[in-house]
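Listed below are the residues making up each chain.
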Amino acid sequence: QVSLVESGGGLVQPGGSLRLSCAASGSIGRITDMGWYRQTPGKERELVATSTSSGDRDYADDVKVRFTISRDNAKNTVYLQMSSLRPEDTAVYYCNARVRRLYYTYYETYWGQGTQVTVSA
């Protein structure tokens, strides 16, 4: 089995910064894409940022100049550095990863449990 565990959420004032981490563990053969999504009540989960294993990155337009996704492939960990946070960034943030388990030939998508980010004065 594979699990993703997020950390780093919390309460921050507008204009502040937070760094989220997500570590994958378990029976991992290979991880390709890792990413961050967010969701607010009544809305669909939306893409924030993704990163391929070779370092190609993609961002949602409204976070492109404020957030940075990075990875430590040796640790199976993905990070999201968030700066200049706005109240509208308030959401539950989820990480996901495209994983091939050991001894398996196909890839599956796994999700973390989510971490709350609240931006408020």
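Let me sum up the structure you'll find in this document. Note that residues are indexed from 1 along each chain, following the sequence as it is written. In view of the model being predicted, local features appear only for residues whose pLDDT reaches at least 70, and side-chain atom pairs are presented and counted only at 80 or more, with totals across whole chains, interfaces and linings using the full set of residues. Excluding hydrogens and water, the side-chain values take into account all heavy atoms of the structure.

**Comments concerning the pattern of salt bridges**
Now for step 1: When a carboxyl oxygen of Asp or Glu lies within 4 Å of a side-chain nitrogen of Lys or Arg, that pair is called a salt bridge. Counted under the stated rule, the structure contains six salt bridges.
Now for step 2: Lys 64 is the salt-bridge partner of Asp 61, the closest N and O atoms lying 3.1 Å from each other.
Now for step 3: Each of Arg 38, Glu 46, Asp 62, Arg 66 and Asp 89 takes part in one network of salt bridges that share partners.

**Section: the sheet that holds strand 3 (residues 18-26)**
Now for step 1: As summarised here, the arrangement of the four strands in space is 1-3-8-7, forming an open sheet in which the pairing is antiparallel. The sheet is open, and its two edges are formed by strand 1 (2-7) and strand 7 (67-72), each paired on a single side. For this sheet, the mean inter-axis angle between neighbouring strands, taken without regard to orientation, is 15°.
Now for step 2: Pairing between two strands is assigned when DSSP locates at least 2 bridges connecting them. Helix and strand labels come from DSSP, where a helix needs a run of H or I of at least four residues and a strand needs a run of E of at least two; each type is numbered from the N terminus. The pairing of strand 7 with strand 8 (residues 77-82) spans six bridges and is antiparallel. Paired with Ile 69 across the strands is Leu 80, a residue of strand 8. Only the stretch in contact is used when fitting a helix axis, every axis being a line fitted to C-alpha atoms; angles between N-to-C directions are given from 0 to 180 degrees.

**Some points on the packing of aromatic side chains**
Now for step 1: Pairing of aromatic rings covers Phe, Tyr and the six-membered ring of Trp, with a centre-to-centre limit of 6.5 Å; geometry is then stacked below 30 degrees between planes, edge-to-face above 60, and tilted otherwise. All chains considered together, the criterion is met by two aromatic pairs.
Now for step 2: On the basis of an interplanar angle of 65° and a centroid distance of 5.1 Å, the ring pair of Tyr 37 and Trp 111 is categorised as edge-to-face. Remark: Trp 111 occurs in strand 10 (residues 108-111) and Tyr 37 occurs in strand 4 (residues 28-39); sequence separation between them is 74 residues.
Now for step 3: Only protein chains enter the calculation, and the probe is 1.4 Å; a residue is then buried if its accessible area is under 20% of its type maximum, exposed if over 50%, and partly exposed in between. Among the residues examined, Trp 111 registers a relative accessible area of 38% and is labelled partly exposed.
Now for step 4: Seen from their ring centres, Tyr 104 and Tyr 106 are 5.6 Å apart, and the 80° between their planes marks the pair as edge-to-face.
Now for step 5: By relative accessible area, Tyr 104 is classed as partly exposed at 33%.
Now for step 6: Overall, Tyr 106 belongs to the partly exposed group, its relative accessible area being 42%.
Now for step 7: For a Lys NZ or an Arg CZ to count as sitting over a ring, it must be within 6 Å of the ring centre and within 35 degrees of the ring normal. In this structure, Arg 19 packs its charged tip against the face of Tyr 79, placed 4.1 Å from the ring centre.
Now for step 8: The ring of Tyr 94 carries Arg 45 above its face, with NZ or CZ at 3.7 Å from the centroid.

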